[in-house]
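Breakdown of the fold
Residues per chain, in single letters:
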Amino acid sequence: MDDEQRERTISGHTVTIDRTLCIGSGNCTNLAPEIFVIDEQNIVEFQDETPDIDAGRLEEASAICPVDALILTDEDGEQIVP
Ligand code: SF4
């Protein structure tokens, strides 16, 4: 995996961050602050602990990214965002 990619399993979904695309808009961190945080480089990062949250909110927080830096795959391995 690329140095600038991060991956976690949350609520049965695989969430991938592509930090090369993130522009630090903060949309995802506003919708899911338990999961996403903006680091000192103004790029999104996972929180140290990423609890399972409502899957609908996780999808919403991923889909709201304006530059498609967040990739969400469901439990069947199907990519649902973007
Ligand atoms: S919504 Fe996208 S661009 Fe904005 S902080 Fe999150 S990952 Fe970065």
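Look above for the structure.
Analysis parameters
- Residues numbered from 1 in each chain as written.
- Predicted model: local features only at pLDDT ≥ 70, side-chain atom pairs only at ≥ 80, totals over all residues.
- Heavy atoms only, no water.
- Pairing = 2+ DSSP bridges.
- Helix = DSSP H or I, 4+ residues; strand = E, 2+ residues; numbered from the N terminus.
- Axes fitted to C-alpha atoms, helices over the stretch in contact; angles between N-to-C directions.
- Contact = heavy atoms within 4.5 Å.
- Core = buried A, V, L, I, M, F, W, Y, C linked by side-chain atoms within 4.5 Å.
- Buried < 20%, exposed > 50% of the residue type's maximum accessible area, 1.4 Å probe, protein only.

**Things to note about the pairing of strand β5 (residues 70-73)**
Relative to β5, strand β2 (residues 13-18) is paired through four bridges, and the arrangement is antiparallel. In the strand pairing of β5, Ile17 is matched with Leu70. Both β5 and strand β6 (residues 79-81) contribute to a ladder of two bridges, which runs antiparallel. Its bridge partner being in β6, Thr73 is matched across the sheet by Gln79. Connecting the antiparallel pair β5 and β6 is a turn made up of five residues, with Gly77 showing a positive phi of about 80°.

**Thoughts on the sheet that holds β2**
The strand order across the open sheet formed by four strands is β1-β2-β5-β6, and the pairing between neighbours is antiparallel. Pairing within the sheet leaves two strands with one partner each, and these edge strands are β1 (5-10) and β6. Along the sheet, successive strands turn relative to each other by an average axial angle of 25°, direction set aside. Sheet topology note: the β1/β2 ladder contains six bridges and is antiparallel. From the neighbouring strand, Arg6 faces β2, where its bridge partner is Ile17. Packed on one face of the sheet, helix α2 (residues 55-63) meets β1, β2, β5 and β6 and runs near 145° to β5.

**Things to note about the nonpolar core**
Ranked by internal contacts, the top residues of the largest apolar core, which has 19 residues, are Val15, Ile35, Phe36 and Phe46. Listing elements by their share of this core, those giving two or more residues are β2, β4 (44-46), α2 and β5. Excluding its chain neighbours within four sequence positions, the residues that come into contact with Val15 are Arg6, Glu7, Arg8, Ile10, Phe36, Phe46, Leu58, Ile71 and Leu72.

No statement about biological role is implied by the geometric values presented.
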